[in-house]
Amino acid sequence: MPAPAVEDSTLVLLTVEEAARRLRIGRTTCYALIRSGELESVPVGRLRRVPSDAPAAYVARLRTASRAA
């Protein structure tokens, strides 16, 4: 069994797969969040990248919304 991937905390932009791994969700779900605008992303050429602080900001918004409900 391969060793788990080590996260590099110095990364400014994450791949969609890395962002999904941080959120513990699937890649398809992560793309759906990006498409809906719930998870911030930026285009880099033909690639789609997620700012490294965007997953935490998304979770913070979820927590705020659940408190307000």
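Everything below is about the structure shown above.
Just so it is clear, the model here is predicted, and its values are computed rather than measured. (Residues numbered from 1 in each chain as written. Predicted model: local features only at pLDDT ≥ 70, side-chain atom pairs only at ≥ 80, totals over all residues. Heavy atoms only, no water.)

### Here we look at helix α3 (residues 54-68)
Next up, step 1: Over its 15 residues, α3 extends 21 Å from the first C-alpha to the last, a length consistent with the 21 Å expected when each residue adds 1.5 Å.
Next up, step 2: Along α3, the residues that are buried comprise Ala 54, Pro 55 and Tyr 58. Buried residues along α3 cover an arc of 105° about the axis, so they all sit on one side. Among the exposed residues of α3, those pointing more than 90 degrees away from its buried face are Ala 56, Arg 63, Arg 67 and Ala 68.
Next up, step 3: Here the buried face of α3 lies against β1 (13-14), α1 (16-23), α2 (27-36) and β3 (47-51). (Helix = DSSP H or I, 4+ residues; strand = E, 2+ residues; numbered from the N terminus. Expected span 1.5 Å × (residues − 1). Buried < 20%, exposed > 50% of the residue type's maximum accessible area, 1.4 Å probe, protein only. Arc of directions from axis to C-beta. Contact = heavy atoms within 4.5 Å.)

### Focus: the nonpolar core
It is characteristic of soluble globular proteins that their nonpolar side chains tend to be buried jointly.
Next up, step 1: Counting residues in each nonpolar core, the largest one holds 12 residues, listed as Leu 14, Val 16, Ala 19, Ala 20, Leu 23, Cys 30, Leu 33, Ile 34, Leu 39, Val 50, Ala 54 and Tyr 58.
Next up, step 2: Sorting the residues of this core by element identifies α1, α2 and α3 as the ones contributing at least two each.
Next up, step 3: In terms of residue count, the dominant contributor to this core is α1 (4 residues).
Next up, step 4: The residues contacting Val 50, other than those within four sequence positions of it, are Val 12, Leu 13, Leu 14, Ala 19, Ile 34, Leu 39, Glu 40, Ser 41 and Pro 55. (Core = buried A, V, L, I, M, F, W, Y, C linked by side-chain atoms within 4.5 Å.)

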